[in-house]
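# Coordinates in review
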Amino acid sequence: MKRFEREDVLVADKENVVDNKRKRSTETIDSLAKKQRLSTESNEELDRNVRLEYLLKQSESFSNFLTATTKLPTNKKQPLQQQQLKKQNNKKQNKQQQITEDINNNNNNGPFRFVSSPDYIKGQMRDYQIVGLNWMISLYENNICGILADEMGLGKTLQTISLLGYMKHHCNEAGPHLVIVPKSTLQNWMNEFQKWCPTIRAICLIGDKSDRKDFKKDILAVGNWDVCVTSYEMIRYEKQVLQKIQWRYMVIDEAHRIKNEKCKLSTFIRQFSTTNRLLLTGTPLQNNLHELWALLNFMLPDIFNSADDFDQWFNTDACLDDAALVKRLHSILEPFLLRRLKLDVEKSLKPKKVTKIYVGLSKMQIEWYQRILRKEITVVNNIDNSVTKRNLFNTLMQCRKCTNHPYLFDGAEPGPPYTTDMHIVNNSGKMMALDKILHRLQQQGSRVLIFSQFKIMLTILEDYCAWRSFSYCRLDGSTRHEERTRQIDEYNAKDSKVFIFLLSTRAGGLGINLTTADVVIFYDSDFNPQMDLQAMDRAHRIGQTKKVRVFRLITKDTIEEKIIQMSEKKLELDKTVIQKGKNAFVLSKDVILDMLRGEKIDERKEFVLSDREIKAILAKDDDDDDDEEKVVGK
């Protein structure tokens, strides 16, 4: 018996030895795998850091070429700068004489630097625009692509035209150049070419299939032109024809449209054969740093070739707290991006005054708002994570529509028969405020732009304007190109009697010059505050002689108020990278859920702004200094 027990013990000991060996072997393998993984990660991190240092050195070398072009001599400093130039060139002549002589002789031994508006430009460029031209000339001379990121309304179109004029008149390179723009700005670009540099032969590719067929045969194929201006949509329709042309310069206006490197527009134009690329955007950053990488990758794919590396180097959250990292990012961007703000360079333009006007819900709006929250409460309170972002976003949009006007929902408007009278005003808190504001603005002689994101809301406003006998124009995403041009010309015409221009925020906020207006009203606000900034800059831009007043209608104690508070944080990201500010905001599923869960069904009361409050809001002042944002009704 003992013998068997002893054999059992020996067997157990052997099994324990085998188990221990197997365990040690497994631990050794796991340890080696862990060390190998750490080593690989370490090597990847080391390799990534080496590439970052290389990129910084590359940027520094580019900056050395471009440094001299970012400043323009002024009359007060002219003698000192003349002496510096004489020392450099060992010539006793002033700068203007030297540049004139170089241009006349087509001297290619040194770069051209303009100190005044070029002679091929029919008009006077501003000093900062000449700086921008010199900067773009330096990019061209060093075969570098770039982003002209001046704030909206500083004349990026004119600066671009002046560059193409320089190419034609002083480099004997008339083209062909391709300028890709939003459909709403096509006619404006053609007008600007004719106004500033009529010697550039610009053609416009637009129209239906039949029109484009004749255009390609009779104009494009003939080649008797310098610049082809076309829209994003035409790139998709005519990519096969346009890809066959060897383009000298490709210019993309409102270039944040390619902030997603996988979008169709970005995919198509990457297949085009181009020598140089120039991106124009007043909003180089909107949501995150990856979008900036997409622009840089489009311009310089050999340098900014890895999105993962860029995201690792410049994680948005890390940038917010790391001043050294932000400084590094600025060093990389400096050679490729030129950014100026209106307040810094355009001293003749009076600052805009922004006023937030908080309004209440009407009785009908309160009923509909409560109905929406009660209906969707099971979705909002779902705790098993089965609810999708799409469900939440739909609830969010229903609440937003209700804050605008209950007539955005079927069955809310009384009828049939459907009539337009005072009920269209009294059933919306925003309409009650707007009705009072517009009457006083008309008495003051102001002209108004009203923006909304909802086409159906524009239709309600259109009915309201007709009922109140306010003369108006309307532009949204479905408006045909010819009709856009006609309405813009009608509104901007000398002694025009058109009081109101109704615009869709995104369709009407790009590249449209409406400086004859001096008041901008946001009936509702865009999720992306950059869209609203672009929209208000249709009036607040070069050529505006009046002080622009901006009124933003916000429904108090609703989801709209929370969205505006949170979305404004997006603007801080632009300040981090471009203007040294901080923070960012993304409308994620969790963010939407938190906002909706914070909504209380029964905590809303009616209130209407008094005539005295409206009068105070619209009181004009003669103070031209910067105005802080004003809040009324909160």
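In short, a report on the structure. (Residues numbered from 1 in each chain as written. Predicted model: local features only at pLDDT ≥ 70, side-chain atom pairs only at ≥ 80, totals over all residues. Heavy atoms only, no water.)

### Regarding the packing of aromatic side chains
The cut-off we apply is this: Ring pairs are drawn from Phe, Tyr and Trp, using the six-membered ring of Trp, whenever the two centres fall within 6.5 Å, and their geometry is named by plane angle: stacked under 30 degrees, edge-to-face over 60, tilted for the rest. The way it works is that DSSP assigns letters per residue, a run of H or I at least four long becomes a helix, a run of E at least two long becomes a strand, and they are numbered from the N terminus. Burial here depends on accessible area, computed with a 1.4 Å probe over protein chains only, as a share of the maximum for the residue type. Under 20% is buried, over 50% is exposed, and the range in between is partly exposed.
Within the structure shown, the criterion is met by ten aromatic pairs. Ring geometry for Phe 114 and Tyr 166: centres 6.2 Å apart, planes at 85°, overall edge-to-face. Residue Phe 114 is located in the loop between helix 3 (95-104) and helix 4 (127-141), and its partner Tyr 166 is located in helix 5 (residues 156-170); the two are separated by 52 residues in the primary sequence. When sorted by exposure, Phe 114 lands in the same class as Tyr 166, which is buried. Judged by centre distance (6.0 Å) and plane angle (45°), the rings of Trp 225 and Trp 247 are tilted.

### Re the pattern of salt bridges
Put simply, the rule is: Salt bridge criterion: a side-chain nitrogen from Lys or Arg within 4 Å of a carboxyl oxygen from Asp or Glu.
Under the counting rule described, the total for this entry stands at 15 salt bridges. A salt bridge links Arg 113 to Glu 141; the nearest nitrogen and oxygen atoms lie 3.2 Å apart. Taken together, the residues Arg 113 in the loop between helix 3 and helix 4 and Glu 141 in helix 4 connect sequence positions 28 residues apart. By relative accessible area, Glu 141 is classed as partly exposed at 32%. Measuring nitrogen to oxygen at the nearest pair gives 2.9 Å for the salt bridge that ties Glu 490 to Arg 486. Residue Glu 490 and its partner Arg 486 are located together in helix 21 (residues 481-492), separated by four residues, close to a single helical turn.

### Here we look at the sheet that holds strand 12 (residues 519-522)
The condition is simple: For two strands to pair, DSSP has to find at least two bridges joining them. Where helices are involved, their axes are fitted lines through C-alpha atoms of the stretch in contact, as for all axes, and angles between N-to-C directions lie from 0 to 180°. Two residues qualify as a contact provided that any one of their heavy atoms is within 4.5 Å of a heavy atom in the partner residue.
Taking strand neighbours across the sheet as the criterion, the seven strands line up as 10-11-9-12-13-8-14 in an open arrangement whose pairing is parallel. Unpaired on one side and paired on the other, strand 10 (472-475) and strand 14 (630-632) mark the two borders of the sheet. The mean inter-strand angle of the sheet, taken between neighbouring strand axes irrespective of direction, is 20°. Strand direction decides the pairing type here: strand 12 and strand 13 (residues 549-555), joined by four bridges, are parallel. If you follow Phe 522 over to strand 13, its bridge partner there is Arg 552. Packed onto the sheet, helix 22 (residues 529-536) meets strand 9 (448-452), strand 12 and strand 13 and runs at close to 155° relative to strand 12. In this fold helix 26 (residues 611-618) packs onto strand 8 (353-359), strand 13 and strand 14, with an angle of close to 145° to the strand it touches most, strand 13.

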